[in-house]
2 protein chains.
Amino acid sequence: MGKMPIGEGQLYLGIDGGGSKTKAILLSQQGQVLGEGVAGPANPLHGVEQTFTSIKLAAELALEDAGLDVDQLPRLVAGAGLAGVNLPELYQVVEQWVHPFGQFHLTTDLHIACLGAHNGEDGAVIISGTGSCGYAHTGNKSLIVGAHGFPFGDKGSGAWLGLEALKHALMASDGLAPAGPLKHRIETALDAQGIDMVSRMAGATSRDYARLAPIVIELAQAGDPTSLALVQDGADYLAAVAEKLLALKPGRLSMIGGVAGPLQAWMPEAILASVQPAIAAPEMGAFLFARKQLALLEKTA
Amino acid sequence: MGKMPIGEGQLYLGIDGGGSKTKAILLSQQGQVLGEGVAGPANPLHGVEQTFTSIKLAAELALEDAGLDVDQLPRLVAGAGLAGVNLPELYQVVEQWVHPFGQFHLTTDLHIACLGAHNGEDGAVIISGTGSCGYAHTGNKSLIVGAHGFPFGDKGSGAWLGLEALKHALMASDGLAPAGPLKHRIETALDAQGIDMVSRMAGATSRDYARLAPIVIELAQAGDPTSLALVQDGADYLAAVAEKLLALKPGRLSMIGGVAGPLQAWMPEAILASVQPAIAAPEMGAFLFARKQLALLEKTA
């Protein structure tokens, strides 16, 4: 974005930090986007220092993109939604960061996704991409369902689908499950058979497993019974999460992420009737969060 | 063991290397145990250098235990069964070790467990401890079932039971599964509830998960339906593995490991009728393997 004069109003940063990248947007008081920057991962569960480095770099790039000097960081009120800080211990570690901003308001990736999806209003979100979780905010109540991480949580996510598909392929290669198209497609994707699939996936991360998920979804769409059973199990879980969230009467429910979309085909109509598109992206939710936190501080000051 | 004169015959080492420890026994040509040594882990999947260090140390300790000098290593014909070398890539890496022995014969942990269990004769084994697998050897045919490792394999093992129990406890803490005794016992074991269970188990290894397995087995024995469903699922898998192995008509089938024993209570009578106790330990199987390999070499020389 072009060179911008520094306006009179407060400047904000909205930061969406995740396991693969960090996105920061620079905004005016009115919510006009002035610049944006993208840096590396910011998931404190996988590295706190990397998280701080990525956030600072994404912020500096957003300033540069707006034609501002990086020495303007102390002017900014930043809001950040990060994966992993639903763990109380990690929240505290990140909160204690000696950050370079004027203010740094921290919350979960779930919270900013929800704020973005509903433009700062009450609502609920189900996120299913690499991982899965549900979040609802109504009045002053909020509820997190899932967000437990891989491999013990994240049911109905891409990583979960990929892991279950690999389990099936290994079972089938032992003759303990039917050797159908799912086994063959996983073998092709890994360019390996039997025990060599294990060599390929030893030490695999949730993102590695999630790369196998599109195979399962595609085969389920084509009617393969094994793949259908897996996506139905995942969709049933997301439907159960949706019911928990809708019980709070959040008004709006959005489903976000690359796996949430396709899995809706196997969810009950009664739940889909409540699903509405997300209005804005998570980083916009992070901005709305930061602006609200500043307003609260000024009110109590 | 006391000071031993060096006999005239060949000396052998039987080495059982696993994820937690390495056991080496020193034996005479006739199979008399002269000394033993225990060192750290020898699972090349988790570290090849550590594997070599542990094997060498266990061997030296076995020599010392027999009252011999460690400079006798080059006199020894060693047989080693290691976890992980069912992966062809790892087998090759370990095979290329510039080892300190006279000879070093490498095979899988499954093979030596089977040789030990049936005193060098044909037979089959199902191992379920931290991980799970099946192995049969008849004539010149052998079959591995499972041995895929955690988290995509190892069904019916301690690690698998522990992971499934944690999944259940997290589901139950979200209100998506019944909050029964299994949830409460896992919470107590981890001294945590809800998302704090995730903090406790983040980065957990298969051994960490396996530590939760006795809870599931105990509750299943007491009739808890959730725990019963889990152990039945695991026992069904081990029964299916047993059927695959018994189809090769191996003569004897032994079930080895801390989880294999209790899970027999949920396996069909038809399979249990074929189960016989293991005759000797895996390190004795490694000795039998080494002695046989030497005999083969001498025959072809």
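Residues numbered from 1 in each chain as written. Chains lettered and ligands numbered in written order. Predicted model: local features only at pLDDT ≥ 70, side-chain atom pairs only at ≥ 80, totals over all residues. Heavy atoms only, no water.

As recorded in an unreviewed UniProt entry, chain A goes by the name BadF/BadG/BcrA/BcrD ATPase family superfamily protein, listed as coming from Simiduia agarivorans.

K.L.:
So what exactly am I meant to see when it comes to the overall build of chain A here?
P.N.:
Looking only at helices and strands, one finds twelve helices and nine strands in chain A. Dimensions of chain A, computed from the C-alpha atoms along their principal axes, are close to 70 × 40 × 35 Å. Sorting the 301 residues of chain A into buried and exposed places 51% on the buried side. If you take every contact in chain A between residues at least 6 apart in sequence, the share linking residues at least 24 apart comes to 65%. Within the structure as shown, chain A displays about 12,500 Å² of accessible surface, and the carbon and sulfur contribution to it stands at 53%. Across chain A, the mean location of the 19 positive side-chain charges is 4 Å away from that of the 29 negative side-chain charges. (Helix = DSSP H or I, 4+ residues; strand = E, 2+ residues; numbered from the N terminus. Buried < 20%, exposed > 50% of the residue type's maximum accessible area, 1.4 Å probe, protein only. Contact = heavy atoms within 4.5 Å. Areas by Shrake-Rupley, 256 points an atom, 1.4 Å probe, with all protein chains shown as cover. Lys, Arg positive; Asp, Glu negative; His and termini not counted. Charge placed at Lys NZ, Arg CZ, Asp CG, Glu CD.)

K.L.:
Help me understand the environment of leucine 219 of chain A in this model?
P.N.:
Residue and element names in this part refer to chain A. Along the polypeptide, leucine 219 turns up in helix 8 (residues 213-221). Taking the C-alpha atoms as reference, leucine 219 lies 32 Å from threonine 22; in sequence the two are 197 residues apart. Ignoring sequence-local partners within four residues, the contact set of leucine 219 consists of Pro181, Leu182, Arg185, Asp224 and Ser227.

K.L.:
Help me out: how do you make sense of the pairing of strand 5 (residues 103-108) of chain B in this one?
P.N.:
Residues and elements named next belong to chain B. Across the six residues that make up strand 5, a large majority, five, are buried. When strand 4 (residues 76-82) meets strand 5, the two strands line up parallel, connected through six bridges. If you follow alanine 78 over to strand 5, its bridge partner there is phenylalanine 104. (Pairing = 2+ DSSP bridges.)

K.L.:
Sorry, what's going on with the domain arrangement of chain A here?
P.N.:
How big an interface is tends to be reported as the loss of accessible area on association of its parts. All names here are of chain A. Here chain A is described as being made up of domain 1 (11-119 + 279-300) and domain 2 (158-272). Measuring from the centre of the C-alpha atoms in domain 1 to the corresponding centre in domain 2 gives 32 Å. Taken together, the contact between domain 1 and domain 2 spans six residues of the former and five residues of the latter. For the pair domain 1 and domain 2, the summed buried area comes to about 400 Å², and 60% of that belongs to carbon and sulfur atoms. On inspection of domain 1 and its partner domain 2, the count reaches zero salt bridges. Applying the counting criterion to the domain 1 and domain 2 interface returns two residue pairs in polar contact (both at pLDDT 80 or more). For the side of domain 1 that touches domain 2, the class distribution of residues is three nonpolar, three polar and no charged. (Domains from an automatic or database assignment. Buried area = accessible area lost by both parts, 1.4 Å probe. Salt bridge = Lys/Arg side-chain N within 4 Å of Asp/Glu carboxyl O. Polar contact = N/O pair within 3.5 Å; in protein donor to acceptor, adjacent residues only side chain to side chain. Nonpolar A, V, L, I, M, F, W, Y, C, P; charged D, E, K, R; others polar.)

K.L.:
How do you make sense of the sheet that holds strand 5 (residues 103-108) of chain A when you look at a structure like this?
P.N.:
As a general point, the strands of a sheet are linked pairwise by backbone hydrogen bonds and lie either parallel or antiparallel. All names here are of chain A. Judged by pairing direction, the sheet is mixed, and its five strands sit side by side in the order 3-2-1-4-5 without closing on themselves. In this open sheet, the two strands that pair with only one neighbour each are strand 3 (33-39) and strand 5. Taking the axes of each pair of neighbouring strands and ignoring which way they run, one obtains an average angle of 15° across the sheet. Inspection of the sheet shows strand 4 (residues 77-82) paired to strand 5 by six bridges, in the parallel sense. Counted as the bridge partner of glycine 81 is threonine 107 from strand 5. Of the strands in this sheet, strand 1 (11-17), strand 2 (22-28), strand 3, strand 4 and strand 5 touch helix 1 (residues 48-65), which is tilted by about 145° from strand 3. Helix 12 (residues 282-300) contacts strand 1, strand 2, strand 3, strand 4 and strand 5 of the sheet and is inclined by roughly 130° relative to strand 1. (Axes fitted to C-alpha atoms, helices over the stretch in contact; angles between N-to-C directions.)

K.L.:
I keep staring at the packing of aromatic side chains and nothing clicks. Help me out?
P.N.:
Each pair of aromatic rings is reported with the distance of its centres and the angle of its planes. Considering all chains together, one arrives at twelve aromatic pairs over all chains under this definition. Look at phenylalanine 101 of chain A and phenylalanine 104 of chain A: their rings are 6.0 Å apart centre to centre, the planes differ by 15°, and that puts the pair in the stacked class. One exposure class covers both phenylalanine 101 of chain A and phenylalanine 104 of chain A, and it is buried. On the numbers, 6.1 Å between centres and 85° between planes, the contact of tryptophan 97 of chain B with phenylalanine 101 of chain B is edge-to-face. Using a relative accessible area of 12% as the deciding quantity, one classes tryptophan 97 of chain B as buried. (Phe/Tyr/Trp six-rings, centres within 6.5 Å; stacked < 30°, edge-to-face > 60°.)

K.L.:
What exactly am I supposed to notice about the packing of helix 4 (residues 158-173) of chain B against helix 5 (residues 181-190) of chain B here?
P.N.:
Helix packing for two helices is described by the angle between their axes and how far apart those axes are. All names here are of chain B. Taken N-terminus to C-terminus, the directions of helix 4 and helix 5 make an angle of 105°; their axes are 9 Å apart at the nearest point. One way to sum up the angle between helix 4 and helix 5 is to call them roughly perpendicular. Where helix 4 approaches helix 5, its residues Ala165, Leu166, His168, Ala169, Ala172 and Ser173 are matched on the opposing element by Leu182, Lys183, Ile186 and Leu190. Counted by class, the contact of helix 4 with helix 5 contains seven nonpolar, two polar and one charged residues. (Parallel < 35°, antiparallel > 145°, perpendicular 65-115°, else oblique.)

K.L.:
Looking at this model, I keep getting lost on the confidence of the model for chain A. Mind explaining?
P.N.:
Close reading of the predicted structure is inappropriate where its pLDDT is low. Per-chain confidence: chain A averages 94 in pLDDT, with 97% of residues scoring 70 or above. Contacts from residues 1-7 of chain A, a stretch scored under 50 in pLDDT, to residues over four places away or in other chains number 19 contacts. (pLDDT = per-residue confidence, 0-100.)

K.L.:
Where do I start with the relation of the copies chain B and chain A in this structure?
P.N.:
The pair of chain copies shares a relation made of a rotation about an axis and a shift along it. Note on the copies: chain B fits chain A at an RMSD of 0.0 Å, the axial shift is 0.0 Å, and the rotation between them is 180°. A rotation of that kind, with that shift, is consistent with a two-fold axis. Nearest to the rotation axis, the C-alpha of proline 151 of chain B is located 3.8 Å from it, this being the minimum over chain B. Interface overlap between copies is the fraction of interface residues in one copy that are interface residues in the other; for chain B against chain A it reaches 100%, indicating a shared surface. (Least-squares fit on C-alpha atoms with pLDDT ≥ 70 in both.)

K.L.:
Honestly, the UniProt feature "domain: ATPase BadF/BadG/BcrA/BcrD type" (unreviewed entry) in chain A in this entry has me stumped. Any pointers?
P.N.:
Per the UniProt record, "domain: ATPase BadF/BadG/BcrA/BcrD type" (unreviewed entry) is annotated on residues 13-290 of chain A. Measuring from the first to the last C-alpha atom of residues 13-290 of chain A gives 8 Å, for a span that is 44% helix and 19% strand. (UniProt positions renumbered as here; feature names shortened; annotations may be inferred.)

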